[in-house]
Amino acid sequence: MKRRGFLAASIAAAGAACVPLPRPDGAGLPAIAGGRTVPLSAVRRIVVERGDPVLGRCQYVADTGTVRIARPILLAQRGDRFDATIENQLPQPTTVHFHGFTLSEAQDGAGFDPIPPGGSKTLALRVRNRGGLYWFHPHPHGFTAEQVHAGLAGLIVVADEEDAALDRALALAPANRLALSISDVRVANGVVRPYAPSAEDCHTGWLGNRVMVNGALGARYPVAPGWLRLQLLNACNARGLLLAFRAGDLPVPFFLLGTDGGLLSAPQPLDRVFLHPAERVDLAIDARTHRRIEAISLEYDPRLHAPPGPMTMRPHPARARFPTLAAENICGPAGARRAGEVVPEGERLELFSLVVEGEPLPPRTLPQRLSSLAEATAPLDAGAQRIRLDFSEQHGFLIDNRPYALEEIAFGVERGAREVWEIRNSPISMPHPMHLHGFGFRVLRRQGTFGPARALATESAGRLATDLGLKDTVTIWPNETIWLAADFALPEDADFRGRQRYMFHCHNLEHEDGMMMRNFAVL
Ligand code: C2O
Ligand code: CU
Ligand code: CU
């Protein structure tokens, strides 16, 4: 297809893409709307392909042997196995990282062992995590931001008994449970502009002017007038969202049901919630009395408190031997952002629309108990790690003042330990969504919080409603200190032994590629 034709087709597909598909074959898997679904256990190959070399847009294709599904939503039951091959058809190295999954180093896909262009890797893993929304994306150091921006971000919906019990209690219509991945891109003259960050973009992270949901601009989903369950991922490279819903000018209240690692113990009534890159929320909205609901990101003070960093772009050393995904060069005109192509962080942004159609469904009561998740408590061997998020005018944002080094292990953790990590962000900083590979954690306490996060700190110990759930990514605002508790036990059904390396990093992808990452080892 010619360039114009390709673009027109992909943008036209945007508005229409949203018919829910019939329930998949996999027994016990939920009906999920928002894209084409496939049971994880049926997938034999994941092909990582570049659909278009001019603009560099890419996609994951799931191949079951009989059908090929582009941009699939994978559905799994806790306990399922996943045996498949990843094929890298990009002109760059890649990996597939399973964000939020409890895996060995070999299956985590974190970038210790990238798949070269034209190469492949065998996956053999088990889904050990609670029901919830997880995702998979590239993690080759130096290429992560460009590849995720190009469209490589896939959703995995994991179901378990508590998850299924909630769906039954809400009597969800098939169109009313949506799994959505939200990202921002720069659109000019109807064209999604390729990834070409300036020094300023590397400092704040790459920001766009329009939102894509599951790969589509201007997404609209038809839903029935009953309970809605939305599982949302922030797949933006850098933008924090202050998520809210509107019917006309009126706010639409909602309930927070779950976070990164599954359901809360009880629903939390809210009118807005922060969702930073890589975080997920699971929400319920009663749509019985609305005709149309708009999901938006509200205006907020983004607290960008660091002066601009290094003003010349240093090309990442890993990139030297490989081309960019798009024809336009990544280190090309590293000048100012083009006018109109960037909506600054913290400005209002339209996300997607829900069009409510049909006869109202009978009312149902939201259960007051969603899961057996216990209240977070501090383990005895507390204070095991102290981590500082720093800023230097020479290097930009760093962890403990050390730029990332692939071969370096920052610290070791005893297998089986339950640790408290204290993570302090400098006052001269910006919000950093910090992500721990391989282990969920609980937020115990926040201190030194100012600005919009402070206003939402309604729970004990300065915590936000989202801090009540199981997390794998947590945003630490400038001047804030967070204490989190993680359990480094070996999974009961572990098929691996010995030292395993994992990563801890900022999920602002320009910060991650810009060296705001450290390795640690579980011994
Ligand atoms: Cu979602 Cu290390 O990443
Ligand atoms: Cu991860
Ligand atoms: Cu960061």
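Residues numbered from 1 in each chain as written. Chains lettered and ligands numbered in written order. Predicted model: local features only at pLDDT ≥ 70, side-chain atom pairs only at ≥ 80, totals over all residues. Heavy atoms only, no water.

Participant: Would you explain the sheet that holds strand 7 (residues 97–99) in this entry?
Facilitator: Where strands meet in a sheet, backbone hydrogen bonds hold them as pairs that are either parallel or antiparallel. Spatially, 5 strands are ordered 1-5-10-9-7 in an open sheet, and the strand pairing comes out mixed. Among the strands making up the open sheet, the edge pair consists of strand 1 (37–39) and strand 7. Ignoring which end each strand starts from, the neighbouring axes of this sheet average 30° apart. Across 5 bridges, strand 9 (residues 132–137) lies against strand 10 (residues 154–159) in antiparallel orientation. Across the sheet, the residue bridging to Trp 135 is Leu 155, located in strand 10. (Pairing = 2+ DSSP bridges. Helix = DSSP H or I, 4+ residues; strand = E, 2+ residues; numbered from the N terminus. Axes fitted to C-alpha atoms, helices over the stretch in contact; angles between N-to-C directions.)

Participant: When you look at the coordination of the copper ion (ligand 3) in this model, what are you seeing that I'm missing?
Facilitator: For a metal with four tetrahedral donors the ideal donor-metal-donor angle is 109.5 degrees, whereas six octahedral donors ideally subtend 90 or 180 degrees. Surrounding the copper ion (ligand 3) are the protein donor atoms His 432 (ND1), Cys 506 (SG) and His 511 (ND1), at 2.1 Å. All donors of the copper ion (ligand 3) come from a single chain, and their spacing in sequence reads H-x73-C-x4-H. A residue pair is termed long-range when its members are at least 10 positions apart, and His 432 in strand 30 (residues 432–436) and Cys 506 in strand 34 (residues 500–506) qualify at 74 residues. Look at His 432 and you get buried, because its relative accessible area is 0%. (Donors = N, O, S within 2.8 Å, 3.2 Å for Na, K, Ca; no water. Buried < 20%, exposed > 50% of the residue type's maximum accessible area, 1.4 Å probe, protein only.)

Participant: How do you make sense of the nonpolar core when you look at a structure like this?
Facilitator: Nonpolar side chains in soluble globular proteins generally cluster together in the buried interior. Counting residues in hydrophobic clusters, the biggest one holds 37 residues, and the most contacted among them are Leu 232, Phe 245, Phe 352 and Leu 354. When near neighbours in sequence (up to four residues on either side) are disregarded, Leu 232 contacts Leu 133, Leu 180, Leu 243, Leu 275, Glu 279, Arg 280, Val 281, Leu 283 and Phe 352. (Core = buried A, V, L, I, M, F, W, Y, C linked by side-chain atoms within 4.5 Å. Contact = heavy atoms within 4.5 Å.)

Participant: Sorry, what's going on with the layout of surface pockets here?
Facilitator: It is a probe the size of a water molecule, rolled over the atoms, that shows where empty space is left. Of the volumes computed, that of the second largest pocket is approximately 830 Å³. Of all the elements in the fold, those that place two or more residues in the lining of the second largest pocket are strand 31 (441–447) and strand 33 (481–487). No other element matches strand 33, which puts 3 residues into the lining of the second largest pocket. Residues belonging to the lining of the second largest pocket are distributed by class as follows: 14 nonpolar, 8 polar and 12 charged. (1 Å grid on protein atoms, 1.4 Å probe; cavity = no way out; pocket = protein on both sides within 12 Å on 5 of 7 lines; lining within 4 Å. Points joined across faces, edges and corners; volume = space filled by probe spheres on them. Nonpolar A, V, L, I, M, F, W, Y, C, P; charged D, E, K, R; others polar.)

Participant: What exactly am I supposed to notice about empty space enclosed by the protein here?
Facilitator: Considering all chains together, one arrives at 4 cavities of 30 Å³ or more under this definition. Of the pockets and cavities examined, the largest cavity occupies roughly 70 Å³. Lining the largest cavity, in full, are Phe 274, His 276, Glu 279, Arg 446, Leu 464, Thr 466, Asp 467, Lys 471, Val 474, Thr 475 and Trp 477. Its residues placed into classes, the lining of the largest cavity shows 4 nonpolar, 3 polar and 4 charged.

Participant: Hey, could you run me through the confidence of the model for the chain in this one?
Facilitator: Note that predicted coordinates carrying low pLDDT should not be read in detail. On average, residues of the chain carry a pLDDT of 91, and 91% of them reach 70 or more. Within the model, pLDDT remains below 50 along residues 1–25, and this stretch shows 36 contacts once partners closer than five positions in the same chain are excluded. (pLDDT = per-residue confidence, 0-100.)

Participant: Just checking my understanding: could you explain the side chain of Glu 345 for this structure?
Facilitator: Position of Glu 345 among the secondary structure elements: in the loop between strand 24 (292–297) and strand 25 (349–356). Of the side chains with opposite charge, Arg 239 lies nearest to the buried Glu 345, which makes no salt bridge, at 5.3 Å. Looking at Glu 345, its side chain comes within polar contact range of the main-chain nitrogen of Gly 240, at 3.1 Å. Here Glu 345 is in contact with Leu 207, Ala 238, Arg 239, Gly 240, Tyr 300, Pro 302 and Leu 304, once residues within four sequence places are set aside. (Lys, Arg positive; Asp, Glu negative; His and termini not counted. Salt bridge = Lys/Arg side-chain N within 4 Å of Asp/Glu carboxyl O. Polar contact = N/O pair within 3.5 Å; in protein donor to acceptor, adjacent residues only side chain to side chain.)

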